[in-house]
Amino acid sequence: MSLRLNLALLILPAALLLVMPGYADDNGPVIPPATYGDQCVADTDIMRKEHMSLLNHQRDETVIEGIRGEPFSLVSCVNCHAQNDNGGQPIRIDAKGQFCESCHTYAAVKIDCFTCHAALPEENAVIGSLQNNLPVASTYSNKQLLVMQSHKVAHKASHDYQRK
Amino acid sequence: MTTSVNNNSGGDQPQGSGNAQLARRRFLQKLGLMGAVAASYTLLEVQAKTAASSDKRWGLFIDTSKCSSGCDACVRGCNEEHGIDAGKDEHTRAQWIRKIDLTDNLTGAESSVPVMCQHCDSAPCVDVCPTGASFKRADGVVLVNKHTCIGCRYCMMACPYKARSFIHENLTDQKPSAPRGKGTVESCTLCVHRIDSDQNQQPACAVSCTDEAHSAIVFGDLNDPDSDISKKLKTVGGSQIRADLSLNTGVRYHGL
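Residues numbered from 1 in each chain as written. Chains lettered and ligands numbered in written order. Predicted model: local features only at pLDDT ≥ 70, side-chain atom pairs only at ≥ 80, totals over all residues. Heavy atoms only, no water.

Colleague: Would you mind going over the packing of helix H3 (residues 73-82) of chain B against helix H7 (residues 204-211) of chain B with me for this structure?
Modeller: Any two packed helices are characterised by how steeply their axes cross, that is the angle between the axes, and by the distance between the axes. All names here are of chain B. With their axes 8 Å apart at the nearest point, H3 and H7 run at an angle of 135° to one another. In terms of their interaxial angle, H3 and H7 are classed as oblique. Here H3 runs over H7; the crossing is right-handed. In contact with Ala73, Cys74, Gly77 and Glu81 of H3, H7 contributes Ala204, Cys205 and Ser208. (Axes fitted to C-alpha atoms, helices over the stretch in contact; angles between N-to-C directions. Helix = DSSP H or I, 4+ residues; strand = E, 2+ residues; numbered from the N terminus. Parallel < 35°, antiparallel > 145°, perpendicular 65-115°, else oblique. Left-handed = near helix turned anticlockwise from the far one by under 90°. Contact = heavy atoms within 4.5 Å.)

Colleague: Looking at this model, I keep getting lost on the nonpolar core. Mind explaining?
Modeller: Most often, soluble globular proteins have nonpolar side chains that are buried together. With 51 residues, the main nonpolar core has Leu60(B), Ile97(B), Met116(B), Tyr161(B), Leu190(B), Ile217(B) and Tyr253(B) as its most contacted residues. When neighbours within four sequence positions are excluded, Tyr253(B) is seen to be in contact with Ile62(B), Thr64(B), Val113(B), Pro114(B), Val115(B), Met116(B), Gln118(B), Gly238(B), Ser239(B) and Ile241(B). Counting seven residues, the second largest nonpolar core, distinct from the first, contains Leu74(A), Val78(A), Cys100(A) and Ala119(A). (Core = buried A, V, L, I, M, F, W, Y, C linked by side-chain atoms within 4.5 Å. Buried < 20%, exposed > 50% of the residue type's maximum accessible area, 1.4 Å probe, protein only.)

Colleague: For this particular structure, what's the right way to read the confidence of the model for chain A?
Modeller: Close reading of the predicted structure is inappropriate where its pLDDT is low. Residues and elements named next belong to chain A. Taken as a whole, chain A shows an average pLDDT of 75; of its residues, 60% reach a score of 70 or greater. When the criterion is pLDDT under 50, residues 126-144 qualifies, and its contacts beyond four places in sequence or with other chains add up to 34 contacts. This model gives residues 146-164 a pLDDT under 50, and the stretch forms 19 contacts once residues within four places in sequence are excluded. (pLDDT = per-residue confidence, 0-100.)

Colleague: Which parts of the structure should I look at to understand the pattern of salt bridges?
Modeller: Two side chains carrying opposite charge are able to pair once their charged atoms lie near each other. Residue and element names in this part refer to chain B. Tallying each qualifying case throughout the model produces 14 salt bridges over all chains. Glu80 is the salt-bridge partner of Lys175, the closest N and O atoms lying 3.5 Å from each other. Note that Lys175 is positioned in the loop between strand S6 (165-166) and strand S7 (185-186) and Glu80 in helix H3, a separation of 95 residues in sequence. For Lys136, the salt bridge is made with Asp121, and the minimal N-O distance between the two is 2.6 Å. Taken together, the residues Lys136 in strand S4 (residues 134-136) and Asp121 in the loop between strand S3 (110-115) and helix H4 (124-128) connect sequence positions 15 residues apart. The buried category is assigned to Lys136, whose relative accessible area is 2%. We classify Asp121 as buried; its relative accessible area is 7%. (Salt bridge = Lys/Arg side-chain N within 4 Å of Asp/Glu carboxyl O.)

Colleague: Please clarify how the environment of Phe135(B) should be interpreted in this entry.
Modeller: As for its position among the elements, Phe135(B) is in strand S4. Separated by 10 residues in sequence, Phe135(B) and Cys125(B) place their C-alpha atoms 8.0 Å apart. Each residue touching Phe135(B), except ones within four places of it in the same chain, is listed here: Val63(A), Ile64(A), Val126(B), Val141(B), Val142(B), Leu143(B), Val144(B) and Asn145(B).

Laid out in structure tokens, this is it:
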């Protein structure tokens, strides 16, 4: 009885490895490191999971209410996350293997943001805007994140309303 | 002669939470003025976010006597600011400002004026938009939310000023401060990206006009009686193009 169980426990993972050949060496997407900053605009965990809703929220706040200089600005993501090539020239953040693209291709996500939004960083604002007015995780409290979550619900409601 | 510029009915502001929040913000700001230091924690959060407010109504005053026929500095300034390529096919290229030369049939008097989005209080483009993408901000700026614009172009047909353009082709090398792209409608934004972040900033057209030593374009708050624009309107007067439509435009012309 127990021998059979042990055998099964041995065989099952081995069989899984056989039917999923790529699985054993899939370590996830290769995401280029940020070019500027020691930390992201919120905890990295939160950014990985929530960046789309944070961006959508920021989008509505800026476009509809005219609120500027906020941490989840799309311009700021590009400023910090766009890499430079060997000659020191910035590379489009949506180019193959670059920050947004690497992860999205892995997760089969396609975004259209950079058909309108600049995929290259602002020319000289990078360092300046980082030092002056980019609040980072430490100044962005959990309380505020909670407020944003509730906004998310409100925004969704107002969008649904508009569609009617 | 003209309807009041001061009333900003705000009929098309974002619904629900937005207004409630605005009210809350204003209330908190008042608390602050009364010296309620206890509320400072919340106030900090509030001050960090300055939203467009219906206390203001942004507008332009255009002095046609200072605007000269050969000059297109405002158009160039606008194109430069928003990365608009003026060299494209003239039938399909984007035009946020058009310079129009006028001749009075009766007197032969000639004038030249820049015409851009007139930032109407009762904007026809907002009325006809099926998705709510064409909207008026709390401070009177009429915009296209390109995230919800479906490119149907009803707004372009509704606009009496021909102020909007449709983007027919893929664009490249947009400016970080001016996202633009195929399949959406766009028009003068009164340079919201400039004026929102710094109260002393002027729209690019006004700056270029001043740089050219014409100073024909004055930007400011129509709701503030002490602003340059309100004083100009009060002393020399300004009319609306197609005042008969009663749209209560935010752009006023002197000497038309």
